[in-house]
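Here is what each chain is made of, one letter per residue.
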Amino acid sequence: MTLQQLRYIVTIAETGNITEAARRLFVSQPNLTNSVHDLETEFQLTIFNRTNKGVTLSSDGETFLSYARQILEQVSLLEEKYLNVQERKPKFSVSCQHYSFAVNAFVDVIKEFDANYYDFTLRETQTYEIIEDVSRLKSELGILYISSKNEEIIMKLLRQHQLIFEELFTATPHVFISSTHPLADRSVLSLEDLEEYPYLSFEQGDYNSFYFSEEILSTLDRKKNIKVRDRATLFNLAVGLNGYTVSSGIISKELNGENIIARPLLVDEYMKIGVIKQKQLPLSRYGTSYLNALKQHVSQ
């Protein structure tokens, strides 16, 4: 095994295509294929499954990739410290539900490392995709919530994918509405108060079951329903149509402006919001920094 072989594995996994990986690595495709084959033979495992559309990581390959990335990161740290070698472009990805504190923490990580080159990704995406992203190492960390209604299903999925859930905080449900909403002057709101207003939620694609809903109490029947894919659209509809959504109550004025406010919802429920990560793998320095930043923001 060589460091070059590990770099090959990481690049192939990122591109999903041997030809594209060879182009990025400035090596011939046969040499790249042979190098991967030699590594698979040495470790007696299949790292990639070959298909007509490209390559995908096998189950063993996903674990191998995570260790390869950690080794390369440690080598990079050694080179920075003792050889004065410029750090290679760092890579870090997070997949999350639509939480402003997740964005704020992401900003903190970028500012902390202040690199000249980096390749960071923040995916605000659907719940099932968050679990898949982390299980396939597309993202190092994921952020989602569990409640009494979805906990059994979500935790079962996490166990199946060898993931663990680390709770950040427990929140009581809040309603997000416009600051000009007719109910904005209320200190608390009930479901009855909201009955005539459009309910806004995030669309979950093929997994549009209430178990994967980003909004708690999604099983309730509502007269007016609007599903969206991004946070900006949801908040625009909240302002334009006096719509509402149900979330944790944590909101960032810096990111979302003064137009959106949170009010407690009178229901007997909870939201345990936390981080999911690989069970057996330690976090990278970026993952550790991001987790610390998350804890700082939610504590505030």
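Keep in mind that what you see is a predicted model, and the values were worked out from it rather than measured. (Residues numbered from 1 in each chain as written. Predicted model: local features only at pLDDT ≥ 70, side-chain atom pairs only at ≥ 80, totals over all residues. Heavy atoms only, no water.)

Let's talk about helix α7 (residues 151-160)
At step 1: Within the span of α7, buried status applies to Ile154, Leu157 and Leu158. In an axial view of α7, the angular spread of the buried residues amounts to 100°, which keeps them on one side of the axis. Residues of α7 that are exposed and angled more than 90 degrees away from the buried face: Glu152, Arg159 and Gln160. (Buried < 20%, exposed > 50% of the residue type's maximum accessible area, 1.4 Å probe, protein only. Helix = DSSP H or I, 4+ residues; strand = E, 2+ residues; numbered from the N terminus. Arc of directions from axis to C-beta.)

Quick notes on the nonpolar core
At step 1: Counting residues in hydrophobic clusters, the biggest one holds 39 residues, and the most contacted among them are Phe101, Ile143, Tyr290 and Leu294.
At step 2: When residues of this core are assigned to their parent elements, the largest contribution, six residues, is made by helix α10 (residues 285-299).
At step 3: Composition of this core by domain shows at least three residues from each of domain 2 (90-169 + 270-299) and domain 3 (173-269).
At step 4: Aside from chain neighbours lying at most four places away, what touches Tyr290 is Phe92, Val94, Ala102, Ala105, Phe106, Val109, Leu122, Leu141 and Ile143.
At step 5: In this structure, Tyr8, Ile9, Ile47 and Leu281 belong to the second largest nonpolar core, which totals 21 residues. (Core = buried A, V, L, I, M, F, W, Y, C linked by side-chain atoms within 4.5 Å. Domains from an automatic or database assignment. Contact = heavy atoms within 4.5 Å.)

So, the sheet that holds strand β7 (residues 174-178)
At step 1: In space, the three strands of this open sheet follow the order β10-β7-β11, with antiparallel pairing throughout. Two strands lie at the open edges of the sheet, namely β10 (245-247) and β11 (260-264), each paired on one side alone. Within this sheet the neighbouring strands show an average axis-to-axis angle of 40°, counted without direction.
At step 2: Of the pairings in the sheet, the one linking β7 to β10 comprises three bridges and is antiparallel in character. The residue bridging His174 from the neighbouring strand is Ser247, located in β10. (Pairing = 2+ DSSP bridges. Axes fitted to C-alpha atoms, helices over the stretch in contact; angles between N-to-C directions.)

Some points on the sheet that holds strand β12 (residues 271-278)
At step 1: Strands sit in the order β4-β3-β5-β12-β6 across an open sheet of five strands; the sheet is mixed. In this open sheet, the two strands that pair with only one neighbour each are β4 (119-124) and β6 (163-171). The average angle at which neighbouring strand axes cross in this sheet is 20°, direction not considered.
At step 2: The pairing of strand β3 (residues 91-96) with strand β5 (residues 141-146) spans three bridges and is classified as parallel.

Observations regarding the packing of helix α5 (residues 100-113) against α10
For any two helices packed against each other, the geometry is given by the interaxial angle and the distance between the axes.
At step 1: Remark: α5 packs on α10, axes separated minimally by 8 Å, with the N-to-C direction vectors making an angle of 130°. As summarised for this structure, α5 and α10 are arranged oblique, according to the angle between their axes. The way α5 lies across α10 gives a crossing that is right-handed. From α5, Phe101, Ala102, Asn104, Ala105, Phe106, Asp108, Val109, Glu112 and Phe113 reach across to α10, where they touch Arg285, Tyr286, Ser289, Tyr290, Ala293, Leu294, His297 and Val298.
At step 2: Among the residues forming the contact of α5 with α10, the class breakdown is eleven nonpolar, three polar and three charged. (Parallel < 35°, antiparallel > 145°, perpendicular 65-115°, else oblique. Left-handed = near helix turned anticlockwise from the far one by under 90°. Nonpolar A, V, L, I, M, F, W, Y, C, P; charged D, E, K, R; others polar.)

Considerations on the pairing of β12
Note on strand geometry: in a regular strand, side chains alternate between the two faces of the sheet.
At step 1: Buried residues dominate β12, accounting for seven of its eight residues.
At step 2: Note that β5 and β12 share five bridges and pair antiparallel. The residue bridging Ile143 from the neighbouring strand is Val275, located in β12.
At step 3: Sheet topology places β6 next to β12; eight bridges connect them, and they run antiparallel. Across the sheet, Phe169 pairs through a bridge with Ile273, a residue of β12.

What to know about unusual backbone geometry
At step 1: Here Gln44, not a glycine, exhibits a phi torsion of approximately 55°, which is positive.
At step 2: Structurally, Gln44 is set in the loop between α3 (29-43) and β1 (48-51).
At step 3: Even without glycine at this site, Asn242 takes up a positive phi of about 55°.
At step 4: Examined against the element boundaries, Asn242 turns out to sit in the loop between α8 (231-241) and β10.

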